[in-house]
Amino acid sequence: MSRANGTPYAPHTDEETAAMLAEIGVDDEEALFDIPDAVAFDGEFGIDPRTEREIRDECARIFARNDDLTEFLGRGHYGHYVPSVVDHLADRAEFLTSYTQYQPEVSQGFLQALFEYQSMLVELTGLDVANCSMYDAATALGEAATLADRVRSTSGDTVLVPEQLREGKRAVLENYCDGADLTVETYPMADGTADVDALADRAGDDVAMLYAESPTVRGCIEERLAAIGDLADETDALFVLGSDVVALSVLESPAAVGADVVVGEAGSLGLPTAYGMGLGIFACSDDFLRQVPGRLVGASEDADGDRAYTLTLQTREQHIRKERATSNICTNQAWVALRAAIHAATLGPDGLVDLANDCVREAADLADRIDGLSGAKAPVHDRHHFREFAVRVDQPAPAVAEDLEAEGFAVHAIGDHLLQVCVTDLNAGKTDGLVAAFEEVL
Amino acid sequence: MIHDQANYEREAEGVREPLLSEKGQETVDVREDSPLPDDLTREELTLPNPSEPETARHYTRLSQMNWAIDAGPYPLGSCTMKYNPKFTEDVAADPNAAIHPDRSARSAQGNLELQYRLQEALAEIGGMDAVTLQPPAGAAGELTGILVAKAYHEHHGNDRSEVVIPASAHGTNFATAATAGYDVVELPSGDDGRVDLEALEAAVGDDTAALMLTNPNTVGLFERDITEVADIVHDAGGLLYYDGANLNALLGRGRPGDMGFDVMHYNVHKTFATPHGGGGPGAGPVGVVDELAPFLPTPRVRETDGGKGYERFEPEHTIGKVHGFAGNWLVAIKAYAYIARLGDEGLADAAAKAVLNANYLAERIDLDVPFGPFHHEFAATAGDRDAADVAKRMLDFGVHPPTTKWPEMVPEAMLTEPTEIEGRSSLDDLAEAFNLAYADTDEALDAAPSRTAASRIDQVGAARNPRLSWQALDGE
């Protein structure tokens, strides 16, 4: 067996290899490589092979170097408890080890699951069309900007975003706008939500896209979305709304407030707190159907007249349209979308609404308790909050965050005297500890 | 050889797995028990409400109507569908790794260490100087690499507007260049299927920002003149971009950095055997030479205290970010584990066996295979048969067909990449399926597939009358 010295995942015995080489008509494997000597490589990377067990031990040891902290972190990446059934079903190898559904007749299962995911997003957004996933909220926002560039090309090249926007999201958006010659500008906020009067003064023909978020990055529920939608309408700007799949289950329907496109995170269902790995939502009205980025699954029929599913409208996609495609995305987040769909199905509408309502109640309750401490005010903004809220502290915020970390709790420091705290079902049982730690360090 | 596809037997007419919505939906009055005022909430939410056992059965049945590498050969050209080792799933499932991305560097030393180690391993494998793990997929890696090249040119005051791409390149190359704001100059293939140096000379010039190249290319041919290609592009002031989609064939045998490439992406979900999950997540780390490192996305990870710790830092002229957080972290972990499992010899052997398998299979099939010699994949031509029909018939013989009708330089192309994981008997089965389908009657091809979960699906109808949600099926 050659396996001892090579990849453990190639089944060839030495005899088989020799027979195959003979069939091809060459002496050895080296003869098959058509690489000039000038650029050939000797194979020495200095990477020692390890056994499975050694690698599991090694990685466990590495990951154990992460401090064991109770996280009250959010700002765009949220963890909720993922029921065991999600892991067990999504981890079925028939899902996990499959590829993009280019042969639909042997991919009906995944196609149907993605069709169902799209349908859930249609219900949650009220819009006509949802694709079956982008990478994350930030890249979905970037894709929305390039959509605006295509469908609103006569209306200028400014993308207007809230001044309080997660920096990483803004940076990703800038990179998508760079290629489309769009300019990102901000509009002011008032006490954690959009300053609609200032926005009305700023809106105009040069705005191709108007972006608002609810909840905002500070966890505030935006109160005047319909007015923002009207402003976008009046100036023919694309109204893009950012949210997440849990919040969407209770907040006013994006369609009802005039959103043309909804972007955001769906990974708040189905994904563990995976270092920021995400699942981007992209939903829009029928008007933009042929401009949608990414993959779409459609219902059709097979030769027997039975309903069947297939990837559709692929002439928008890079593998057919090349430089005129609506996006360069190819590999997306299909398996994560499957996880989100299974999680949503497991919760059902009741469970989803309960989870979302808890995000409001827990945040209000925790803010109230922190507000009761001397040296802290919470929430900073006089708004309804979803999962998270800002805290003003008398002491320098970075020092308070460091001290809290020493007590075993992670929170964001977002300004000289501003912290941000996020509570979900995962850490709701640890709020007593957090409040006690605050009391200790303030 | 014909496998008995127990899992793929056709259901009796009309009793396929129904949509969850068809099993029953529930409408919830959202405002009834809401802590929010009515004007901030929706009135109601309507979604399926299956019990957990119903959910388990639904998704189990759906999984069974799905081809997967664990179920059989999956020789899609340029997709590198190889076996995904099971232990990497367990490594990635470590709860200690599942931390929030905004953790302080001090409290996230484990994740930073693994990021650093993977960066170093990838740099070594690609012959690059610096690597970022941030891009969440191959195409995202392409965009990152091209934006880095663009920033480099702009920093040096070079006003360049074009990216040159061979006609046979992956569609993502073209779409990426356009997304980054470049005009695309398409380079026709030479008579031998490779880059034609004269055509390249004519295509590059003062406007050339970069040439995007796949090597081996999309019909499995190594670009033997790569040093000349690099010289031509560099002499014109352009950068050379390596599309890592076919890196599997080069592991341990050649490194893009040694060939003159300045920037590359790695498709870790292909080359390093991380599960493709029905279309993602993947990950598309990007490697660059020293001159381009200051432009990489932020943050990067480096050692501190002589290797005792790790920290994040912002490259001097960073392009900013290409993903909201750190990219597809769980995929990165699996890639690290796979690379560690194989080591130097295993990686080189993976390339050797992948190349052996492609050449063996090309030898065993009755279809014409133009060009050659091949590395990891080859484009057979179905000649006067319709490649898509031949592919559908192959499904009936218990294998997944190759990529069809691409690249266009081979008429009725069947682009086939068996990877290193198929043994001789499996390759013989594949060849037999190829040959039986290719030789079959027109009637049989038209009627195919007949032994799969669905018979031939009307894809034209799906596009003409788009129904993209169960809401759109209402009333049918």
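In this convention, every chain numbers its residues from 1, walking through the sequence in written order. Whichever chain is written first becomes A and whichever ligand is written first becomes 1, with later ones labelled in order. Per-residue local features of the predicted model are confined to residues with pLDDT of at least 70, and side-chain atom pairs are confined, for both listing and counting, to 80 or more; whole-chain, interface and lining totals are unaffected and use all residues. Values reported for side chains reflect all heavy atoms of the structure, with hydrogen atoms and water molecules removed beforehand.

1. Here's the deal with the overall build of chain B
Okay, so step 1: Numbering goes from the N terminus for both helices and strands, where a helix is a DSSP run of H or I of at least four residues and a strand is a run of E of at least two. Secondary structure assignment for chain B yields 13 helices and 14 strands.
Okay, so step 2: For 476 residues, the compact-globule estimate of 2.2 N^0.38 gives 23 Å, and the C-alpha radius of gyration of chain B, at 25 Å, lies within 12% of that figure.
Okay, so step 3: For chain B, buried positions account for 66% of its 476 residues.
Okay, so step 4: Only heavy atoms enter the contact rule, under which two residues are in contact if any of them lie within 4.5 Å. Pairs at least 24 apart in sequence give 69% of the contacts found in chain B among residues at least 6 apart.
Okay, so step 5: Residue-level accessible areas treat just the shown protein chains as cover; the underlying method is Shrake-Rupley with a 1.4 Å probe. When the accessible surface of chain B is split by element, carbon and sulfur atoms take 42% of a total near 15100 Å². We take the radius of gyration over the C-alpha atoms and set the globule estimate at 2.2 Å times the residue count to the 0.38 power. Burial classification: accessible surface area is computed with a 1.4 Å probe over protein chains only, and a residue below 20% of its type maximum counts as buried, one above 50% as exposed, and the rest as partly exposed.

2. Concerning the domain arrangement of chain A
Residues and elements named next belong to chain A.
Okay, so step 1: Entries for chain A in the domain assignment read domain 1 (70-81 + 348-441) and domain 2 (84-342).
Okay, so step 2: Domain start and stop positions are those given by an automatic or database domain assignment. For domain 1 and domain 2, the distance between their C-alpha centres works out to 28 Å.
Okay, so step 3: Facing the 29 residues of domain 1 at the interface are 27 residues of domain 2.
Okay, so step 4: Summing both partners gives a buried area of about 2300 Å² for domain 1 against domain 2, and 54% of it is carried by carbon and sulfur.
Okay, so step 5: Salt bridges are defined by distance alone: a side-chain nitrogen of Lys or Arg within 4 Å of a carboxyl oxygen of Asp or Glu. The shortest N-O distance in the salt bridge between Arg383 and Glu223 comes to 3.4 Å. Here the quantity called buried area is the total loss of accessible area, with a 1.4 Å probe, experienced by two parts when brought into contact, counted for both.

3. Observations concerning unusual backbone geometry
Residue and element names in this part refer to chain A.
Okay, so step 1: Each neighbour pair has its own omega, and for Ser214 with Pro215 the value is 0 degrees, a cis peptide bond.
Okay, so step 2: Turning to its location among the elements, Pro215 is positioned in the loop between strand E7 (207-213) and helix H9 (225-234).
Okay, so step 3: Not every positive phi belongs to a glycine, and Tyr275 is a case in point at roughly 60 degrees.
Okay, so step 4: Notably, Leu313 is not glycine yet its phi reads approximately 55 degrees, a positive angle.

4. Considerations on the sheet that holds strand E10 (residues 280-284) of chain A
Either a parallel or an antiparallel arrangement is found when strands of a sheet pair, and the pairing is made through backbone hydrogen bonds.
Residues and elements named next belong to chain A.
Okay, so step 1: By definition, two strands form a pair when at least two bridges between them are found by DSSP. Here we have seven strands laid out as an open sheet, ordered E2-E10-E9-E8-E7-E3-E4, and mixed in their pairing. The sheet is open, and its two edges are formed by strand E2 (129-130) and strand E4 (183-187), each paired on a single side.
Okay, so step 2: Pairing of strand E3 (residues 158-162) with E4 involves five bridges; the strand directions are parallel. What sits directly across from Pro162, in E4, is Tyr187.

5. A look at the side chain of Ser327 of chain A
Okay, so step 1: Relative to the elements of secondary structure, Ser327 of chain A occurs in the loop between helix H11 (318-321) and helix H12 (334-371).
Okay, so step 2: The exposure class assigned to Ser327 of chain A is buried, which follows from its relative accessible area of 5%.
Okay, so step 3: Each polar contact in these results corresponds to two N or O atoms within 3.5 Å; when the atoms are within protein, one needs to be able to donate a hydrogen and the other to accept it, and residues that are neighboring in sequence are counted only if both atoms are side-chain atoms. Of note is the side chain of Ser327 of chain A, whose polar atom sits 2.9 Å from the backbone nitrogen of Ile329 of chain A.
Okay, so step 4: Ignoring anything within four residues of it in the chain, the contact list for Ser327 of chain A reads Glu143, Pro293, Gly294 and Gln318 of chain A together with Ala175 of chain B.

6. Brief notes about helix H10 (residues 387-396) of chain B
For an α-helix the count is 3.6 residues per turn, leaving residues at separations of three or four pointing the same way.
All names here are of chain B.
Okay, so step 1: For H10, a buried count of nine out of ten residues is recorded, marking the element as mostly surrounded by other parts of the structure.
Okay, so step 2: Where H10 is buried, its residues contact strand E13 (403-404), strand E14 (413-416), helix H11 (424-439) and helix H12 (442-447).
Okay, so step 3: One side-chain oxygen at the N-terminal end of H10 lies 2.8 Å from the backbone nitrogen of Ala388; it belongs to Asp386.
Okay, so step 4: At the C-terminal side of H10, Gly398 shows a positive phi close to 85 degrees.

7. What to know about the domain arrangement of chain B
Residues and elements named next belong to chain B.
Okay, so step 1: According to the domain assignment, chain B consists of domain 1 (87-341) and domain 2 (342-454).
Okay, so step 2: In this complex, domain 1 contributes 29 residues to the contact, which on the side of domain 2 involves 23 residues.
Okay, so step 3: Buried area between domain 1 and domain 2, summed over both chains or domains, comes out near 1900 Å², and the portion from carbon and sulfur atoms is 61%.
Okay, so step 4: Where domain 1 packs against domain 2, one counts zero salt bridges.
Okay, so step 5: Counting across the domain 1 and domain 2 interface gives nine residue pairs in polar contact (both at pLDDT 80 or more).
Okay, so step 6: For the side of domain 1 that touches domain 2, the element with the most residues is helix H9 (residues 329-364), which contributes four residues.
Okay, so step 7: In this count, Pro and Cys sit with the nonpolar residues alongside Ala, Val, Leu, Ile, Met, Phe, Trp and Tyr, while Asp, Glu, Lys and Arg are called charged and the others, Gly among them, polar. Per-class residue counts for the side of domain 1 that touches domain 2 are 13 nonpolar, ten polar and six charged.

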